[in-house]
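# Chains, contacts and geometry: an overview
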Amino acid sequence: MQYDDLVPRFLTYIKVETRSDEESTTVPSTQSQVDFLKTLAAELNQIGLTDVHVSAPSGYVFATLPSNLDRQVPTIGFISHVDTADFNGQDIHPQIVENYDGHSVIPLDPAGKYVLDPKVFPNLLNYAGQTLITTDGSTLLGSDDKSGVAEIMTAMAYLTAHPEVKHGTIKVGLGPDEEIGTGADHFDVQDFGADFAYTVDGGPLGQLEYETFNAADGRVHITGTNVHPGSAKDTMVNANQLAIDFHNALPEHDRPEKTARREGFFHLYKMSGDVDTADLSYIIRDHDRQQFEDRKRLFAGIADRLNAKYGDQTVQVTLKDQYYNMREIIEKDMSVVELAKKAMTELGIKPDIAPVRGGTDGSKISFLGLPTPNIFAGGENMHGRFEFVSEQTMAKATDVILKMIQLNAEQA
Ligand SMILES: [Zn+2]
């Protein structure tokens, strides 16, 4: 369908700076998100949703579209995030490329330093004849996930403007801090009140995700014994050397740059050290829960072996689970995935199902008791200046939201 209010809504949203901040100790992490969520709450009220409120302590804005059926059907929730990634999000000047020919290079900045070139980004080939919204090369676009916000909002506006369309109770959740991985930590499933939900936060047309990594953070702190190198024999314990030994004891192939699909990894993302002390920071990832547990055991076991040689507490390991593969939850009742598949298929969209090599807000929310797969919102090349989104894909995501609501209402 064509929605006249969809693109204007999106363009209004992306012009508001709402970057999250990993260093912040507040929830939400930035005031700009709090302010933007307030304007979205006002818009939800104005559209005609009820019980619009900020859910403490998460900072999410929750709203309800009451059922217009005379019988009970499951309550569906739609969730997206308002923060943008760790890239300049100030003064976003979107460019609109109408009827893209599907092969030309699209200049972004006036000087032509940054371009969208199909040779570099072959995904552009999928967009012949469509209207693309790009950046001007100096910022990200914010399609992740203001596309999702605009699509959910537009679907709700459609339903309140068309009371003849039958639907059950719909819940909307717009929240902060997805990009820094903390937004869903405080999500109040009880307050939200849905039976199942979808994050509208995926990429290209058809994307449907219900499998994510299991994830842990692993820290290694090494304490050495620093003596003069000239008289170090059998005395010095060089923390730097032990850090190298630790890393080399991990499986050589299991790194992000050498793995794909369902292969897990250890990723050394930060290191510092001198002879006295050294610190290594890793993320540990695996889709399979058993292999994930094995990876953590292996990680801790390396420290044990080094400690047996150099003394207790020489190598200290701290492991912290971050999120789990939502498949564990979703698999118990696949109807939430089936509904999305059916909606897409009926709309002529081929569902594109693949395991996410990462997590989604839904990974955490699913484990809090609300099954929440992820569907496409349309963004491409997210988190940087090459981000773009197609108007037609955004409209299709809105179609999918409405179709799922309709199919759910028709359930006996
Ligand atoms: Zn996102």
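Quantities reported herein were computed from a predicted structural model and do not represent experimental measurements.

## Re the overall build of the protein chain
Of the regular secondary structure elements, the protein chain holds 10 helices and 17 strands. Expected size for 412 residues packed as a compact globule is a radius of gyration near 22 Å; at 24 Å, the protein chain falls within 12% of this value. In terms of overall dimensions, the protein chain has C-alpha extents of about 85 × 55 × 40 Å along its principal axes. Looking at the protein chain residue by residue over its 412 residues, the buried ones come to 51%. Relative to all contacts within the protein chain whose residues are 6 or more apart in sequence, the contacts with residues 24 or more apart total 80%. Total accessible area on the protein chain is roughly 18300 Å²; 50% of this is exposed by carbon and sulfur atoms. Charged side chains of the protein chain number 35 positive and 61 negative; the gap between the two group centres comes to 5 Å.

## Topic: the side chain of Thr-75
Structurally, Thr-75 is set in the loop between strand E2 (60-65) and strand E3 (76-81). For Thr-75, a relative accessible area of 10% puts it in the buried group. Filtering out sequence-adjacent residues up to four positions away, Thr-75 remains in contact with Thr-169, Lys-171, Gly-193, Ala-194, Asp-195 and Phe-196.

## So, the coordination of the zinc ion
Protein ligation of the zinc ion involves His-81 (NE2), Asp-144 (OD), Asp-201 (OD) and Asp-201 (OD), the donor distances falling in the range 1.9 to 2.7 Å. Coordination at the zinc ion is irregular, judged from the four donor atoms that bind it and the angles of 53 to 146° they form at the metal. Site description for the zinc ion: donor spacing in sequence, H-x62-D-x56-D. Of this pair, His-81 sits in strand E3 while Asp-144 is found in helix H3 (residues 143-161), placing the two residues 63 residues apart along the sequence. Neither His-81 nor Asp-144 differs from the other in exposure class; each is buried.

## Looking at the nonpolar core
Counting residues in hydrophobic clusters, the biggest one holds 64 residues, and the most contacted among them are Phe-78, Met-156, Tyr-198 and Ile-375. When residues in this core are grouped by element, the largest group, nine residues, is from helix H10 (residues 391-410). Val-220, Val-237, Ala-239 and Leu-250 belong to the second-largest nonpolar core, a separate cluster that totals 20 residues.

## Topic: helix H1 (residues 6-14)
Most of H1 is tucked away: seven of the nine residues are buried. On its buried face, H1 sits against helix H2 (31-47), strand E4 (95-97), strand E7 (132-134), H3, strand E17 (388-390) and H10.

## Notes on the pairing of E2
Extensive coverage of E2 is indicated by the burial of six of its six residues. The alternating pattern of E2 places Tyr-60, Phe-62 and Thr-64 on one face and Val-61, Ala-63 and Leu-65 on the opposite face, and all of these are buried. By the bridge criterion, four bridges tie strand E1 (residues 50-55) to E2 in an arrangement that is antiparallel. Residue pairing across strands places Val-54 opposite Val-61, the latter belonging to E2. Taking the residues that link successive antiparallel strands as the turn, the E1-E2 hairpin has four residues, and the phi of Gly-59 there is positive, at about 85°. When E2 meets strand E8 (residues 170-175), the two strands line up antiparallel, connected through five bridges. What sits directly across from Thr-64, in E8, is Lys-171.

## Side note on the pattern of salt bridges
The full count for this structure, using the stated rule, is 18 salt bridges. Among the ionic pairs, Asp-254 bridges to Arg-295, the shortest N-O distance being 2.9 Å. Of this pair, Asp-254 sits in the loop between helix H5 (239-248) and strand E12 (265-273) while Arg-295 sits in helix H6 (residues 289-310), and the two are 41 residues apart along the sequence. Residue Asp-254 shares its accessibility class with Arg-295, and that shared class is buried. Here the salt bridges do not stand alone but share partners, grouping Arg-289, Glu-293, Lys-296, Asp-321 and Glu-328 into one network.

## Let's talk about the side chain of Lys-364
Within the secondary structure, Lys-364 sits in helix H9 (residues 361-367). On the accessibility criterion, Lys-364 (18% relative accessible area) is buried. Residues contacting Lys-364, with those up to four places away along its chain left out, are Gly-181, Thr-182, Ala-184, Asp-185, Gln-322 and Tyr-323.

## Some remarks on the UniProt feature "active site" (unreviewed entry) in the protein chain
As recorded in UniProt, the feature "active site" (unreviewed entry) lies at Asp-83 and Glu-178. What stands out for the annotated residues spanning 96 residues is how close their C-alpha atoms remain, the widest pair being 6.7 Å apart. As for its position among the elements, Asp-83 is in the loop between E3 and E4. Here the side chain of Asp-83 touches Ser-20 through a polar contact of 2.8 Å, side chain to side chain. Excluding residues within four positions of it along the chain, Glu-178 makes contact with His-81, Asp-83, Gly-183, Asp-201 and Asp-361.

## Describing the sheet that holds E17
For sheets, the rule is that strands pair by backbone hydrogen bonds, running either parallel or antiparallel. One open sheet holds the three strands; their spatial order is E4-E7-E17, and the pairing between them is antiparallel. The strands lining the two open edges of the sheet, one partner per strand, are E4 and E17. Ignoring which end each strand starts from, the neighbouring axes of this sheet average 25° apart. Here E7 runs beside E17; their pairing, made up of three bridges, is antiparallel.

## Quick word on the domain arrangement of the protein chain
Domain assignment breaks the protein chain into domain 1 (6-211 + 325-409) and domain 2 (214-323). Here the C-alpha centroids of domain 1 and domain 2 sit 37 Å apart. Tallying the contact residues gives 12 residues for domain 1 and 11 residues for domain 2. Overall, the association of domain 1 and domain 2 removes approximately 920 Å² of surface from exposure, summing both partners, and the carbon and sulfur fraction of that is 43%. Among the residues of domain 1 in contact with domain 2, Asn-325, Pro-355 and Arg-357 are the three that bury the most area, contributing 55% of the side total. Glu-211 serves as the salt-bridge partner of Arg-262, at 2.8 Å between the closest nitrogen and oxygen. The set of elements that each furnish at least two residues to the side of domain 1 that touches domain 2 consists of helix H7 (327-330) and H9.

Each value, and the rule that gives it
- Residues numbered from 1 in each chain as written.
- Predicted model: local features only at pLDDT ≥ 70, side-chain atom pairs only at ≥ 80, totals over all residues.
- Heavy atoms only, no water.
- Helix = DSSP H or I, 4+ residues; strand = E, 2+ residues; numbered from the N terminus.
- Rg over C-alpha atoms; globule rule 2.2 N^0.38 Å.
- Buried < 20%, exposed > 50% of the residue type's maximum accessible area, 1.4 Å probe, protein only.
- Contact = heavy atoms within 4.5 Å.
- Areas by Shrake-Rupley, 256 points an atom, 1.4 Å probe, with all protein chains shown as cover.
- Lys, Arg positive; Asp, Glu negative; His and termini not counted.
- Charge placed at Lys NZ, Arg CZ, Asp CG, Glu CD.
- Donors = N, O, S within 2.8 Å, 3.2 Å for Na, K, Ca; no water.
- Tetrahedral: all angles 85-135°; square planar, octahedral: opposite > 155°, others 65-115°.
- Core = buried A, V, L, I, M, F, W, Y, C linked by side-chain atoms within 4.5 Å.
- Pairing = 2+ DSSP bridges.
- Salt bridge = Lys/Arg side-chain N within 4 Å of Asp/Glu carboxyl O.
- UniProt positions renumbered as here; feature names shortened; annotations may be inferred.
- Polar contact = N/O pair within 3.5 Å; in protein donor to acceptor, adjacent residues only side chain to side chain.
- Axes fitted to C-alpha atoms, helices over the stretch in contact; angles between N-to-C directions.
- Domains from an automatic or database assignment.
- Buried area = accessible area lost by both parts, 1.4 Å probe.

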